[in-house]
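# Structural overview
Here is what each chain is made of, one letter per residue.
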Amino acid sequence: MTNTNKFVDFDVVIAGAGVIGLALAYTLSKKGYQCLVVDKNPSFGEETSSRHSEVVHAGIYYEPNSLKSKLCIEGKDLIYKFCDAHSVRYKKIGKYIIASDKNQDKKLRKIQENAQKCNMNDLFYKNNKELEKDGLSGIFSALYSPSTGIIDSHDFMLKLLKLITENGSTVAFNTPVENVSFDDNKINVFFGDQYHLKCRFFINASGLHAVDTAKRIENISHSLLPQNNYAKGTYFKIFKKTPYRNLIYPLPEEGGLGIHLTHDLDGNVKFGPDVEYIDTIDYQVAKDKKNKFYNSIKAYLPDLNIDDLHADYCGIRPKISFDGKTYDDFFISNELVKGNKNIVNIMGIESPGFTSSLAIAKYVLSKYL
Ligand SMILES: Cc1cc2nc3c(=O)[nH]c(=O)nc-3n(C[C@H](O)[C@H](O)[C@H](O)COP(=O)(O)OP(=O)(O)OC[C@H]3O[C@@H](n4cnc5c(N)ncnc54)[C@H](O)[C@@H]3O)c2cc1C
């Protein structure tokens, strides 16, 4: 498909060169759409897409039939296939979700039931003895997910960027979307300097700023817009070796998956993220969280010394809510703008957004373009 509409400069303009904007431009440009991805920052993926755990999730916890559940499970397969095809580093190191007593074990069983309802079939219950055989001692029980992995997220985005340009589409930095208007046959996208371009489709994939960007679109229905909330997640790291080769997760907590142990592909170990609701975007790491982290990690790493923990980095989850009630799914819609169905708003892309990125792009292509 090529751009046959003489009234426009691009088929699709995408606001945001995080992993979602890049996955969209890659997927659409492969189908022949001429895309322009713009970002207000000087480079790609400088916000949430480079401030996360780099885990390829298997789709264990999410509400059955939700977008998070379906797109995570599909996205995991797509991202691994992409990595194989384009030599992006990843490792399926597997993950254990651990229970430390009978009470927690009951919650573990519920998580397994949920995963089964989501048609997520490779999750295995292990008791204490079976875990000993895996080299995990002193743990009551656990769920083991062999297909959970870790990925070089920067390399993944870099490869998307390369393919986008090879497919004839364009990525522009330092180019914030200021306003969007439309008439019968085109959408006008205005940038910081009032320069503007015409396109057939506009996709708002601006992450933490998605609700603000939406407010700049002509005829946006304010009453249909979610409220924007930020939940910060902080990480601490250690420089010591641990007995674990896999990812170790406690039971999930309200708003997150619990302070877990993650490895990166270079063998570094980090812990996090916690969940802290904040009013404004702020990437300062609060060192005084050390005690909280220590107490939480002790459950699965009893030999840890508090002085081994060092403040690392943090990321911010874009949480959305309607009428004060948390909306616990990805929100993707072309219904927010009165009189134009070619404007797609993507909001609330928190975890497992990175894993789901290629599936989100496929979903947008099939449903809205
Ligand atoms: C602590 C934490 C841990 C996580 N761990 C994982 C994990 O292990 N696995 C996983 O799958 N997911 C994880 N996630 C989720 C994942 O990181 C996100 O879902 C994903 O990165 C979101 O990508 P995005 O493109 O929507 O947002 P972003 O990466 O934030 O990109 C949005 C872009 O839009 C740009 N922008 C904003 N406004 C404008 C404008 N007006 N004009 C132009 N550009 C604009 C911004 O500059 C930004 O670059 C985690 C998230 C957090 C916070």
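All figures in this text were calculated on a predicted structure; none of them were measured in a lab. (Residues numbered from 1 in each chain as written. Predicted model: local features only at pLDDT ≥ 70, side-chain atom pairs only at ≥ 80, totals over all residues. Heavy atoms only, no water.)

### What to know about the site of the ligand
Where we set the bar: Here a residue counts as near a molecule or strand whenever at least one of its heavy atoms sits within 4 Å of it. In protein, a polar contact means a hydrogen-donor-capable atom and an acceptor-capable atom, both N or O and within 3.5 Å, with residues adjacent in sequence counting only if both atoms are side-chain atoms; elsewhere, any N or O pair within 3.5 Å suffices. Surface exposure here means Shrake-Rupley accessible area, sampled with a 1.4 Å probe, where a residue is shielded only by the protein chains that are shown. Secondary structure is summarised from DSSP: a helix means a run of H or I of at least four residues, a strand means a run of E of at least two, and numbering begins at the N terminus for each. Note on residue classes: Ala, Val, Leu, Ile, Met, Phe, Trp, Tyr, Cys and Pro are nonpolar, Asp, Glu, Lys and Arg are charged, and everything else, Gly too, is polar. For the domain bounds, the source is a domain assignment made automatically or taken from a database.
Neighbouring the ligand are 37 residues, the closest being Asp39, Ser49, Val55, Ile349 and Thr355. Residue Ser49 places a side-chain N or O atom 2.5 Å away from an oxygen atom belonging to the ligand. About the coverage of the ligand: the protein hides 97% of its 1000 Å² of free accessible area. At the level of elements, helix 1 (19-30), strand 18 (310-322) and helix 8 (353-368) are the ones that each hand at least two residues to the shell around the ligand. A breakdown of the residues in the shell around the ligand according to their chemical character gives 13 nonpolar, 17 polar and seven charged. Looking at which domains feed residues into the shell around the ligand, each of domain 1 (10-57 + 154-225 + 324-368) and domain 2 (92-148 + 228-322) gives three or more.

### Comments concerning the sheet that holds strand 8 (residues 149-151)
Quick note on the threshold: By the convention used here, strands pair only if DSSP detects at least 2 bridges between them.
Spatial ordering of the open sheet is given by 3-8-4, a layout of three strands whose pairing is antiparallel. Since the sheet does not close on itself, it has two edges, and those belong to strand 3 (55-56) and strand 4 (90-91), each with one partner.

### Structural notes on the domain arrangement of the protein chain
Using the following cut-off: By buried area we mean the combined loss of accessible area, with a 1.4 Å probe, across both parts when two parts are placed together. Definition used for salt bridges: Asp or Glu carboxyl oxygen within 4 Å of a side-chain nitrogen of Lys or Arg.
Split into domains, the protein chain comes out as domain 1 (10-57 + 154-225 + 324-368) and domain 2 (92-148 + 228-322). The distance between the C-alpha centroids of domain 1 and domain 2 comes to 30 Å. Both sides together, the interface formed by domain 1 and domain 2 hides about 2100 Å², and carbon and sulfur atoms give 58% of it. Here Glu350 makes a salt bridge to Lys319, at a shortest N to O gap of 2.8 Å. Seen at the junction of domain 1 and domain 2, the total is nine residue pairs in polar contact (both at pLDDT 80 or more). Going through the elements one at a time, strand 3 and strand 19 (325-327) are the ones with two or more residues in the side of domain 1 that touches domain 2. Top contributing element to the side of domain 1 that touches domain 2 by residue count: strand 19, with three residues. Tallied by class, the residues present in the side of domain 1 that touches domain 2 amount to ten nonpolar, nine polar and five charged.

### Re the nonpolar core
Threshold: The nonpolar core is taken to be a set of buried Ala, Val, Leu, Ile, Met, Phe, Trp, Tyr and Cys residues, with the residues joined through side-chain atoms within 4.5 Å. Burial status follows relative accessibility: with a 1.4 Å probe on protein chains alone, a residue under 20% of its type maximum counts as buried, one over 50% as exposed, and anything between as partly exposed. Contacts between residues were defined by any pair of non-hydrogen atoms, one from each residue, lying within 4.5 Å.
Leu24, Phe156, Ile203, Ile346 and Val364 are the most contacted members of the largest nonpolar core, which has 47 residues in total. Broken down by secondary-structure element, the contributors of at least two residues to this core are strand 1 (10-15), helix 1, strand 2 (35-38), helix 2 (67-86), helix 5 (153-166), strand 12 (196-204), strand 21 (343-347) and helix 8. Ile203 has contacts with Val12, Val13, Ile14, Ala15, Leu24, Leu28, Val344, Ile346, Val364 and Leu369, leaving out every residue within four places of it along the chain. One finds Val177, Cys199, Val211 and Ile220 within the second-largest nonpolar core, a separate group that totals 26 residues.

### Observations concerning the layout of surface pockets
In plain terms, the rule: Of the grid points, spaced at 1 Å and generated over the protein atoms alone, those admitting a 1.4 Å probe that cannot get out make up cavities, while open sets with protein on both sides within 12 Å along at least five of seven lines make up pockets; any residue with an atom within 4 Å of a point is treated as lining. Grid points are joined across faces, edges and corners, and a volume is the space filled by probe spheres set on the points.
By volume, the second largest pocket amounts to about 570 Å³. Around the second largest pocket sit 28 residues that line it, and His263, Asp264, Gly267, Asn268 and Val269 are the ones nearest its centre. Secondary structure elements with two or more residues in the lining of the second largest pocket: helix 5, strand 13 (227-238), strand 16 (269-272) and strand 18. Broken down by element, the lining of the second largest pocket gets its largest block of residues, three residues, from helix 5.

### Describing the pattern of salt bridges
Any two side chains of opposite charge can pair, so long as their charged atoms come close to each other. If you walk through the whole model with that rule in mind, you get 21 salt bridges. Its salt-bridge partner being Arg200, residue Asp11 comes within 3.4 Å of it at the nearest N-O pair. Taken together, the residues Asp11 in strand 1 and Arg200 in strand 12 connect sequence positions 189 residues apart. A salt bridge links Arg89 to Asp152, with the shortest nitrogen-to-oxygen separation between them at 3.7 Å. With Arg89 in the loop between helix 2 and strand 4 and Asp152 in the loop between strand 8 and helix 5, this residue pair connects regions lying 63 residues apart in the sequence. Since its relative accessible area comes to 39%, Arg89 is described here as partly exposed. The class of Asp152 is buried, set by a relative accessible area of 19%. Overlapping salt bridges bring together Lys68, Lys319, Asp328 and Glu350 as one network.

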